[in-house]
Amino acid sequence: MNATSDCPQLLQLAAEHLTAAARHAEANAYGDLTSPWQSLAGQIRLIAGGVGPVCDTESVMPRPFGVQDHLDAALTALDSMPSGSGPPDLVVWTWRVADLRSLVTAWTGQP
């Protein structure tokens with residue numbers, strides 16, 4: 001199985017943005033394992049694994065606004081996927097990304 005060709009491009013892009021968002025969230029925790037940002041990083045990594053379990057994990061270019069910006073980019077990629085072209089639970093993963101994006105918005109006070 002070739003991981004790159006078996007993974008739709010938009011799924012791979014979403015997984016890469018989710019991985020980048022998790023790295024930003026982890027950085028926001030400043031090494032504090034009890035920080036809510038550390039917990040958020042773990043949740044985002046879980047979703048990235050669900051969205052693109054066979055995707056290569058090459059990094060996308062870091063975005064200047066961090067977690068929220070990468071979650072927005074992941075949502076854009078997931079929402080752009082043609083119906084039926086992703087895994088059967090794609091709607092659930094998309095909903096979780098949107099939920100976490102709302103949480104980050106509330107934490108940072110940004111619209």
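Up top you'll find the structure we're talking about.
Now for a look at the structure at hand. (Residues numbered from 1 in each chain as written. Predicted model: local features only at pLDDT ≥ 70, side-chain atom pairs only at ≥ 80, totals over all residues. Heavy atoms only, no water.)

**Some words on the packing of helix α4 (residues 67-79) against helix α5 (residues 90-108)**
No. 1: α5 packs onto α4 with a crossing angle of 155 degrees between their chain directions and a minimal axis gap of 10 Å. Judged by the angle between their axes, α4 and α5 are roughly antiparallel. The two elements α4 and α5 cross, and the hand of that crossing is left-handed. Listed contacts from α5 to V67, Q68, L71, D72, L75, L78 and D79 of α4 are L90, T94, V97, A98, L100, R101, V104, T105 and T108.
No. 2: Among the residues making up the contact of α4 with α5, the classes are represented as nine nonpolar, four polar and three charged. (Axes fitted to C-alpha atoms, helices over the stretch in contact; angles between N-to-C directions. Helix = DSSP H or I, 4+ residues; strand = E, 2+ residues; numbered from the N terminus. Parallel < 35°, antiparallel > 145°, perpendicular 65-115°, else oblique. Left-handed = near helix turned anticlockwise from the far one by under 90°. Contact = heavy atoms within 4.5 Å. Nonpolar A, V, L, I, M, F, W, Y, C, P; charged D, E, K, R; others polar.)

**Re α5**
No. 1: Taking 1.5 Å of rise per residue, 19 residues should cover 27 Å, and α5 covers 27 Å from first to last C-alpha, within 8% of that figure.
No. 2: Those residues of α5 not exposed but buried are L90, W93, T94, V97, L100, R101, V104 and T105. Looking straight down α5, one finds its buried side chains confined to an arc of 145 degrees; they lie on one side. Of the residues in α5, the exposed ones pointing more than 90 degrees away from the buried face are V91, V92, W95 and A106.
No. 3: On the buried face of α5, the contacting elements are α2 (9-28), α3 (36-51) and α4.
No. 4: At the exit of α5 stands G109, carrying a positive phi of roughly 70 degrees. (Expected span 1.5 Å × (residues − 1). Buried < 20%, exposed > 50% of the residue type's maximum accessible area, 1.4 Å probe, protein only. Arc of directions from axis to C-beta.)

**A closer look at the pattern of salt bridges**
No. 1: Tallied over the entire structure, the rule returns three salt bridges.
No. 2: Residues E26 and R45 are paired through a salt bridge, measuring 3.5 Å at the closest nitrogen-oxygen approach. Highlighted residues: E26 in helix α2 and R45 in helix α3, separated in sequence by 19 residues.
No. 3: The closest approach of N and O atoms between R96 and D99, which form a salt bridge, is 2.7 Å. One end of the pair is R96 and the other is D99, both in helix α5 and three residues apart, which spans about a single turn.
No. 4: Residue D99 is classed as partly exposed on the basis of its relative accessible area, which comes to 34%. (Salt bridge = Lys/Arg side-chain N within 4 Å of Asp/Glu carboxyl O.)

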